[in-house]
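# Structural description and commentary
Here are the chains, one letter per residue:
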Amino acid sequence: MVRYDVGYTVAVWVEILFYAIYACLFVYSANLILKTRSSSRVGGRSRWIFLTITILMFIVATFHLFIQLYRYVRAFILHTDPRGYLKYMHDLQRWDNEASNASTVVMTWLGDGLVIYRCYVIWSSNFLVVIIPILLQLLAIGINTVTLIWFQHPKIVPFSIARTLLGLIYPIAFVRNAMATGLIVLKIWRQHRSSTVSGLVDRGSRLSLAKLLRIVIESAMIYTLQVFALVILYFLKSDFQIILQSAVVPSVGLVFVLIAVRVHVTTEQTTTTVPAWLERSDSGHHLDTDTSSPENEVAYVIDVEKLGEVDV
């Protein structure tokens, strides 16, 4: 158990920390996206969609942090509610508490929606691949909307039904995000395996498919593991979820900008490793054969959307 005053105080500082990291990476990644030019029409459209949604997520995350600070000051410093800070924070009909909850769900909608879209593009715009994540997204939007309305009008939905819906929020979010991320990882892994079989893997490349796979998994785990932990904490009725909930909002946006920055940093690193295709004397590749160079095979990976243009 955690004292509520301690829990809410730690939660605010945790969100400030995550937001500070997120803000720095957001500015850096936005600059990278604006400077990047795509050679394909699909890649260009996808880049602008990605930039637009990441900007919206940053705005929502900023608003959420402002609301959290506003609530904390009024509840714990100004003692606005004479009944105590706990009554203030748990009064879901207050506009600031409703705004905090609403901005949280909007952030998850944007984040998971962007993951699903990237998955759709990477899988060559195959709608059937993302049909289940899309259905889960629509289900989540419906449940979140009903619960937000219930917070303001408790008599509209019976408490037993509302409690059941609340218990579905985190599990659905976890399954939806894990499934969409898993499909992206699967596509990259299949392409990596295909490239390995064809002998086009360059161990000395600045950004190989294996490196990209690791970047995606490690970055995505920040949010996915948080949601998984919230599933456990919610059903254990642990007060630690107060702290973890505050980290979720900036973490959603942090995942995307972190991937963009890590990919860029990796491609900027120099390497002295001899490419695998040069080590094999029986290789059919030649130094002057541009189309067979592993660098050309790996170059498109920098723009993740182009994975969908490769047959596997």
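Residues numbered from 1 in each chain as written. Predicted model: local features only at pLDDT ≥ 70, side-chain atom pairs only at ≥ 80, totals over all residues. Heavy atoms only, no water.

Of regular secondary structure, the chain possesses 10 helices and 0 strands. Along the chain, helices and strands appear, N-terminal first, in the series α-α-α-α-α-α-α-α-α-α. Counting every position in the chain, which comprises 312 residues, the buried fraction comes to 49%. Expressed as a percentage of contacts within the chain between residues at least 6 apart in sequence, the contacts between residues at least 24 apart total 76%. (Helix = DSSP H or I, 4+ residues; strand = E, 2+ residues; numbered from the N terminus. Buried < 20%, exposed > 50% of the residue type's maximum accessible area, 1.4 Å probe, protein only. Contact = heavy atoms within 4.5 Å.)

Now for a nonpolar patch on the surface. Taken together, the side chains of Ile55, Leu56 and Ile59 present a nonpolar region at the surface, about 250 Å² in accessible area. Position of Ile55 relative to the elements: it lies in helix H2 (residues 41-77). The class for Ile55 is partly exposed, based on a relative accessible area of 36%. (Patch = residues over 30% accessible without salt bridge, like charges linked within 9 Å, V, L, I, M, F, W, Y side chains within 5 Å. Areas by Shrake-Rupley, 256 points an atom, 1.4 Å probe, with all protein chains shown as cover. Salt bridge = Lys/Arg side-chain N within 4 Å of Asp/Glu carboxyl O.)

Turning our eyes to something else, we now look at the packing of helix H1 (residues 4-35) against helix H8 (residues 241-268). The relative placement of two packed helices comes down to the angle between their axes together with the axis-to-axis distance. Where H1 contacts H8, the two axes come as close as 8 Å, and the packing angle between them is 20°. Comparing the axis directions of H1 and H8 gives the class roughly parallel. In the packing of H1 onto H8, the handedness of the crossing is left-handed. (Axes fitted to C-alpha atoms, helices over the stretch in contact; angles between N-to-C directions. Parallel < 35°, antiparallel > 145°, perpendicular 65-115°, else oblique. Left-handed = near helix turned anticlockwise from the far one by under 90°.)

Another aspect to go through is the UniProt feature "transmembrane region" (unreviewed entry) in the chain. In this structure's numbering, the residues bearing the UniProt feature "transmembrane region" (unreviewed entry) are residues 6-28, 48-67, 127-152, 164-186, 212-236 and 242-261. For residues 242-261, the helix share is 100%, the strand share is 0%, and the end-to-end C-alpha distance is 29 Å. (UniProt positions renumbered as here; feature names shortened; annotations may be inferred.)

Attention shifts here to the environment of Val146. Secondary-structure assignment places Val146 in helix H5 (residues 131-152). On a C-alpha basis, the gap between Val146 and Leu166 in space is 9.7 Å, while along the polypeptide they are 20 residues apart. In contact with Val146, other than residues within four places in its own chain, are Val157 and Leu165.

One pass over the full model with this rule turns up 17 aromatic pairs. Measuring from ring centre to ring centre gives 5.4 Å for Tyr70 and Trp95, while their planes differ by 50°; the resulting arrangement is tilted. Of this pair, Tyr70 sits in helix H2 while Trp95 sits in helix H4 (residues 95-122); the two residues are 25 residues apart in sequence, bridging distant segments of the chain. A residue is classified by how much of its surface remains accessible, and Trp95, at 53% relative accessible area, is exposed. Between Tyr170 and Tyr234, the aromatic rings sit 6.1 Å apart at their centres with planes inclined by 75°, giving edge-to-face as the arrangement. Note that Tyr170 is positioned in helix H6 (residues 159-198) and Tyr234 in helix H7 (residues 209-235), a separation of 64 residues in sequence. Among the aromatic side chains, those forming a connected cluster through ring pairs are Tyr4, Tyr8, Tyr72, Phe76 and Tyr85. Residue placement shows Lys187 over the ring face of Trp123; its charged tip is 5.1 Å from the ring centre. (Phe/Tyr/Trp six-rings, centres within 6.5 Å; stacked < 30°, edge-to-face > 60°. Lys NZ or Arg CZ within 6 Å of the ring centre and 35° of its normal.)

Following the sequence through the fold, Ser251 ends up in helix H8. Residues in contact with Ser251, not counting those within four places in the same chain, are Phe18, Ile222, Tyr223 and Gln226.

Moving on, we get to the environment of Val216. Within the secondary structure, Val216 is located in helix H7. What makes Val216 buried here is its relative accessible area of 7%. For the pair Val216 and Ile184, spaced 32 residues apart in sequence, the C-alpha to C-alpha distance is 8.5 Å. Excluding anything up to four places from it in sequence, Val216 contacts Ile184, Val185, Ile188 and Ile259.

Among soluble globular proteins, nonpolar side chains are generally buried collectively. Counting 54 residues, the largest nonpolar core has Tyr22, Met57 and Met107 as its most contacted members. Elements with a contribution of two residues or more to this core: H1, H2, H4, H6, H7 and H8. In terms of residues, this core owes the most to one element, H8, which gives 12 residues. If sequence neighbours within four positions are ignored, Met57 has contacts with Tyr22, Met107, Leu110, Gly111, Leu114, Val252, Gly253 and Phe256. Listed in part, the 9 residues of the second largest apolar core include Tyr8, Tyr88, Met89 and Ile242. (Core = buried A, V, L, I, M, F, W, Y, C linked by side-chain atoms within 4.5 Å.)

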